[in-house]
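Structural overview
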Amino acid sequence: MIWKLLHFSTFLLGALASPTPSSPLTTNADRGLCYIYNSGRSADCLGRQLESVPWRQFPSTLEDIDLSYNKLQAVHADDFVRLPRLHILKLQYNNISHIDNDAFKNNTLLEHLDIFNNSLQEIPATALTPLLNLKELYMSNNLYKHATLADSFSKFVKLSVLSMGGSLVMGLKKADFQPLKNIRLQGFAIKCSSNLSYYEPGSLKLIQTKQMGFDMAIDKRPNALHHMLRDLANKTFSVIQFRNLFEFMYYLGEEDIFQGLKYVKAHQLIFHRGKFNENLLRMALMNLQDAPVKRLRLQYIDFARSPTFIDGGAGSSITDLALDKLDLWYISNPDVLRFDWRFTWFNKIKELSIQHVYFNSVPCDAWIEMEGVEFLDVSNNRLKNEFIFNQRCHYKGTMPNLHTFKLNNNDLTSLKDLSLLTREFQQLQVLEFSDNKLGSAENSRDCVWQKNITQVIAHHNQFVSEALRCLPTTVHYLDLSYCNLDQLDIGYFEKATNLKVLLLSGNKIKFIPSNWKSPSLQSLALDGNSFGLISQASFRDMPQLSHLRAGNNPYHCTCELHAFVQDTMSKGKVNLTDWPWNYRCYHPEALLNTVISRYLPAQVACDVRLVIIISVATTAAVILILMLICYIFDLPWYTKATYQIIRAKYRAHKENGAGESGTFTYHAFISYSHSDADWVRDQLLPCLENSRNPYRLCVHERDFMPGRWIIDNIIDNIENSRKVIFVLSRHFVNSEWCNYELYFAQQRAIGKTFSDVILVVKEPIDPSSLPSKYCKLKKMLSTKTYLEWPQQDNQQAFFWVQLKSVLGKPTMTREGAHSVKSRTSSVGGVSVIELPVEDRRPEIAAPKADKDEEHKIIRRHDNELSNQRQIPMVATG
């Protein structure tokens, strides 16, 4: 029902308007051309500057033609004769002054004809006669001098809407609308001259319509209104509109010209434009108190105080105006609200809308008088905090029935003042304050709201995140769109446990908090913000969420976003209402403006579990392959050996740099057990002494000086050798002499490094199994790198490379007094040492001093020495 009223109001305002709107802008390319569309059934020729109907361009299948806003001057018989299917023809806003009588003879299916605002001097009754299917006829605002309809109009039994008249119609006669007496219309509008000269009573009595519109000024004939209302009495209308009732002057008479209004049965009464003063408005309202009118609208009214207005006290006030709705729109003077210096006329209004009146304050008594108001809309005014909320006013008990309060588009800045104003409105549920300046931190503290508020609409304000705490927490619906929010106060949403719909479109929110909890939220709008990341965790704590609008954000196309989209699409729990075209990639640059639905990254790139499985499998395979290679090629042993060679070369280089490379008789002193002598003789000596660069080695079987004490030989030869090689084995551990050689080598190393001691492990030895007296050896085995004699033949060559690397380059040794070059031969099991001719020197006699300790050692180890090949001692005397 309401939409029908709004539609007819629009029809009345258009059909009865006098000014001619300017034509739509056209370009030279558009002139003379019509756009044919809808499979040849429609033609758009609007605003093409046409001076004649381009009928040659029209296909015979046309059903709808729009030729409005052109320069047509006439309609000829040939213009539409080839269009038998024509249903709609729009010719308004041209300059048509003539229509041929047979112009529509072949258009019998025509249902809608609009010739509004042309230059016709006579109603084209003959031309309209064939149009028996006509339903809507708009022919007002022409140059008719009378409004008399021809008898042929009685045949338009399907007619539902008719507008007629013009600025030259000086009045209405009783017979003018006689042909319409048997036709029931939905809408009828009549326009007369601004200087109405006559109105015959009964002129409108035959009109049967639901919606009635008048565009006539009764400035000089105010009594005509009385006859018009009498003609409308005892009829039922949905809408009656008076346009420009007093166009040029205010009514100054004392006669109540609205007296007949109490007998008019209309659901809505509209006064559009015209001049009203206090007296005229009071007359209308006094009669409306007794009329069955439910809705009243005053719009675009030029209101003024009456210089002769007499306030008769409480008896003259409007106290019984019971309306379902009162609209006061675009009133020129805000005094209209208190036209009789009281607000009592609002007392029984259920819905009150005061817009574009531009008042800036509300007196205290106004709130008291509006006790019956259930819906109050004071949008589009100039209300300020200090004027709408007056601390001197007592608001307790005011507005007891108000459930909806709208304050959109004012100058409000304080949420606190707004909360103090509305906290006494016990029934308040819906609060709107969009397009204000609310939301600053300093004016959004200590708010106390009515607990019944369930809906807050606050879009287009200037909110900071701290101001959210000043909003009512009882809301079910909250609109904070376009409020310049750059972040969210999560604490507020945790308190707003009943929130079901939240609109945050068009803000500057940079990120979605991962701990955003809103247990009841069902619909969320986040489109047009500044965040680029969104994931499954973003809305994890919103179990009821079913509708999400999050397009038009600068999304970073990542695996996380892809996972969110896939999860949302597959589960179907959350419906992305603006998917897919509003979701585009902003980053990376290569994907700029790519629709996210087409962003399909590889599964391997996004599935973490798959990446882990592949990584683990690949790593395991590489390890197995390396282990296999190590097993086949004995790689660990070669690696360790190479490391030892490098370390040896580094130490040699370091010693040379430190000046520790002195001149020695032997390159190395070999310490070994008698049981390992074969290995020394067959393996070690040939490899080192018979190589291309031979080493000079000292072994006790060959190189000890005859006739000297064994310990002296050991000490001197160790001191005269650059390196000392210990051939370690289980037999070495059991040899007392080997232990002494090891001891002397350690004593020699005091104050130096142990780099001149080389340990060769001939066979595996467990350091923990060594006797306690070999603590030094234990320490060396645990702290010093040693060489192991490999049992595999293929590794032995590398062993010699390691050993030679540790020994260093075989440089020239000094020819000392004790240097000898011996050849060892076995004759009858006795070792004979032959001195070389070139190194023959006098034998040095052993000292005559009694070395008791040495003799004790020799006697203690006779058994061991008897098992060795003896070196003949030559004592000199």
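Treat the numbers as computed from the prediction; the structure is a model and nothing was measured.

1. So, helix α13 (residues 677–689)
Every α-helical turn comprises 3.6 residues, leaving residues that sit three or four positions apart pointing alike. For α13, with 13 residues, the first-to-last C-alpha span of 16 Å runs short of the 18 Å given by 1.5 Å per residue. Here α13 has its buried residues at Ala677, Trp679, Val680, Leu684, Leu685, Cys687, Leu688 and Glu689. Against the buried residues of α13 lie β32 (666–671), β33 (697–698), α14 (700–703), β34 (721–728), β35 (757–761) and α19 (793–807).

2. Concerning the confidence of the model for the protein chain
This prediction gives the protein chain a mean pLDDT of 83; 83% of its residues lie at or above 70. Between residues 1–8, whose pLDDT stays under 50, and residues either more than four places distant or in other chains, the model counts 14 contacts.

3. What to know about the pairing of β35
The buried fraction of β35 is high, at five of five residues. With burial as the criterion, each face of β35 is covered, one bearing Val757, Leu759 and Val761 and the other bearing Ile758 and Val760. Here β34 pairs with β35 via five bridges, running parallel. Directly across from phenylalanine 726, in β35, lies its bridge partner leucine 759. Across two bridges, the pairing between β35 and strand β36 (residues 787–788) is parallel. Bridge pairing links valine 760 to leucine 787 in β36.

4. Observations concerning the pairing of strand β13 (residues 208–215)
The buried count for β13 comes to six of eight residues, which makes it a mostly enclosed element. Relative to β13, strand β11 (residues 184–191) is paired through seven bridges, and the arrangement is parallel. When the bridges of β13 are listed, alanine 189 appears paired with glycine 213. Taken together, the five bridges between β13 and strand β14 (residues 236–243) define a ladder with parallel strand orientation. Residue pairing across strands places aspartate 215 opposite arginine 243, the latter belonging to β14. Handedness of the crossover is the feature at issue here: the chain leaves β13, passes through helix α3 (residues 224–232), returns alongside β14, and the resulting connection is right-handed.

5. Topic: unusual backbone geometry
Between tryptophan 579 and the following residue, proline 580, the backbone shows a cis peptide bond with an omega angle of 5 degrees. Within the secondary structure layout, proline 580 lies in the loop between β30 (575–576) and β31 (585–587). The omega torsion of the bond from histidine 587 to proline 588 falls at 0 degrees, within 30 degrees of zero and hence cis. When you line up the elements, proline 588 lands in the loop between β31 and α10 (603–606). Despite not being glycine, asparagine 141 shows a phi value in the positive range, around 65 degrees. The residue asparagine 141 is located in the loop between β8 (136–138) and β9 (161–165) in this model. On the basis of relative accessibility, which here comes to 9%, the residue asparagine 141 falls in the buried class.

6. A closer look at the sheet that holds β33
If you walk across this open sheet you meet the five strands as β33-β32-β34-β35-β36, and the pairing is parallel. Only two strands of the sheet have a single neighbouring strand rather than two, namely β33 and β36.

Conventions adopted
- Residues numbered from 1 in each chain as written.
- Predicted model: local features only at pLDDT ≥ 70, side-chain atom pairs only at ≥ 80, totals over all residues.
- Heavy atoms only, no water.
- Helix = DSSP H or I, 4+ residues; strand = E, 2+ residues; numbered from the N terminus.
- Expected span 1.5 Å × (residues − 1).
- Buried < 20%, exposed > 50% of the residue type's maximum accessible area, 1.4 Å probe, protein only.
- Contact = heavy atoms within 4.5 Å.
- pLDDT = per-residue confidence, 0-100.
- Pairing = 2+ DSSP bridges.
- Right-handed = clockwise from strand over helix to strand, strands pointing away.

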